[in-house]
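# Remarks on the overall topology
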Amino acid sequence: DGGITQSPKYLFRKEGQNVTLSCEQNLNHDAMYWYRQDPGQGLRLIYYSQIVNDFQKGDIAEGYSVSREKKESFPLTVTSAQKNPTAFYLCASSIVTGLYGTQYFGPGTRLTVL
Amino acid sequence: AQKITQTQPGMFVQEKEAVTLDCTYDTSDQSYGLFWYKQPSSGEMIFLIYQGSYDEQNATEGRYSLNFQKARKSANLVISASQLGDSAMYFCAMRVPGTYKYIFGTGTRLKVLA
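Residues numbered from 1 in each chain as written. Chains lettered and ligands numbered in written order. Predicted model: local features only at pLDDT ≥ 70, side-chain atom pairs only at ≥ 80, totals over all residues. Heavy atoms only, no water.

## A closer look at the overall build of chain A
- Across its full length, chain A carries 0 helices and 11 strands.
- Secondary structure of chain A in N-to-C order comes out as β-β-β-β-β-β-β-β-β-β-β.
- A globule of 114 residues ought to have a C-alpha radius of gyration of about 13 Å, and chain A, at 13 Å, matches this closely.
- Expressed as lengths along the three principal axes of its C-alpha atoms, the size of chain A is roughly 40 × 25 × 25 Å.
- Here chain A holds 114 residues, and 50% of them are scored as buried.
- Excluding contacts between residues fewer than 6 apart, the proportion of contacts in chain A whose partners are at least 24 apart in sequence is 53%.
- When the accessible surface of chain A is summed, it comes to about 5600 Å², and 49% of that surface belongs to carbon and sulfur atoms.
- Counting 11 positive and 10 negative side-chain charges, chain A places the averaged centre of each group 7 Å from the other. (Helix = DSSP H or I, 4+ residues; strand = E, 2+ residues; numbered from the N terminus. Rg over C-alpha atoms; globule rule 2.2 N^0.38 Å. Buried < 20%, exposed > 50% of the residue type's maximum accessible area, 1.4 Å probe, protein only. Contact = heavy atoms within 4.5 Å. Areas by Shrake-Rupley, 256 points an atom, 1.4 Å probe, with all protein chains shown as cover. Lys, Arg positive; Asp, Glu negative; His and termini not counted. Charge placed at Lys NZ, Arg CZ, Asp CG, Glu CD.)

Put into structure tokens, the structure is as follows:
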């Protein structure tokens, strides 16, 4: 079955540590995205990538980094520079061609900083 | 700049009744796509329905339909015959024309009552 997987589902981190969230898709989509969601809030774009080896900052990129070495994978690293990283993180992908590509989401990772 | 507005933070509906969730959008582009997503308590964002700006008919997917009024810039989601499993957050979204970015509204929390 085609889809997007994120791991781990829950992640706990001590202050000052970097942590990497995994996102893999087998939908053959070119574009991939990372969003952050705080309790009761909407989605905020962290980074997105339209093609391998290229990515762009979203609205809240500070304290985060990404890589896109393979089409299927778009890992997100939450660095110690992110002052308030406790949140729910969602990965998504979409097709690039055409105007109206639907965006599909993974199940999410809940990150808690202890 | 593009914007999505959802003015209903929370809604209640009786089981088996229909409910309309409001969404208005702001864009100066003529070509765009609008989406609705459901987010249950598990957190995953589930794609429900899509409407293109040039589509002549309102989109329908099972019990979901989209009341698209282009002149009013509204794209309301109608859920018919509500079920208890419809209780969730609902987000309206738009792909920013000319980009691969998507913007989301703040969401509406729907509670279906037995």
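Following the structure, the description resumes.
## Concerning the nonpolar core
- Counting residues in each nonpolar core, the largest one holds 24 residues, and the members touching the most others are Tyr 25, Leu 34, Trp 36, Ile 49, Leu 77 and Tyr 90 of chain B.
- Among the elements of the structure, β3 (19-21), β5 (33-39), β6 (46-52), β8 (64-69), β9 (74-79), β10 (88-95) and β12 (108-113) of chain B are those that each provide at least two residues to this core.
- A total of 4 residues in this core trace back to one element, the largest contributor, which is β10 of chain B.
- If you look at the next biggest cluster of nonpolar residues, it comprises 20 residues, including Met 32, Phe 74, Leu 76 and Val 78 of chain A. (Core = buried A, V, L, I, M, F, W, Y, C linked by side-chain atoms within 4.5 Å.)

## Considering the sheet that holds strand β8 (residues 76-78) of chain A
Residue and element names in this part refer to chain A.
- The 4 strands lie next to each other as β1-β3-β8-β7, forming an open sheet whose pairing is antiparallel. Taken across any chain shown, the strands that pair with only one partner, and hence form the sheet edges, are β1 (4-7) and β7 (64-66). The sheet shows a mean angle of 20° between the axes of neighbouring strands, direction not considered.
- Bridge analysis of strand β3 (residues 19-25) against β8 gives 3 bridges, and the strand direction is antiparallel. Along β8, the bridge assignment pairs Thr 20 with Thr 77. (Pairing = 2+ DSSP bridges. Axes fitted to C-alpha atoms, helices over the stretch in contact; angles between N-to-C directions.)

## Some remarks on the packing of aromatic side chains
- Counted according to the given criterion, the structure contains 17 aromatic pairs over all chains.
- For the ring pair Phe 105 of chain A and Phe 104 of chain B, a centre distance of 6.1 Å and an interplane angle of 70° mean the geometry is edge-to-face. With Phe 105 of chain A in strand β10 (residues 104-105) and Phe 104 of chain B in strand β11 (residues 102-104), the pair connects residues from two separate chains. An identical accessibility class is assigned to Phe 105 of chain A and Phe 104 of chain B; each is buried.
- Through successive ring pairs, a cluster of aromatic residues spans Tyr 33, Tyr 35, Tyr 48, Tyr 104 and Phe 105 of chain A together with Phe 35, Tyr 37, Phe 47, Tyr 50, Tyr 102 and Phe 104 of chain B. (Phe/Tyr/Trp six-rings, centres within 6.5 Å; stacked < 30°, edge-to-face > 60°.)

## Looking at the pattern of salt bridges
Residues and elements named next belong to chain A.
- In total, this model carries 5 salt bridges over all chains according to the counting rule given.
- Across the salt bridge formed by Asp 38 and Arg 44, the nearest N and O atoms sit 2.7 Å from each other.
- You can call Asp 38 buried: its relative accessible area is 16%.
- Residue Arg 44 is classed as partly exposed on the basis of its relative accessible area of 38%.
- Salt bridges linked by common partners bring Arg 36, Asp 38 and Arg 44 together as one network. (Salt bridge = Lys/Arg side-chain N within 4 Å of Asp/Glu carboxyl O.)

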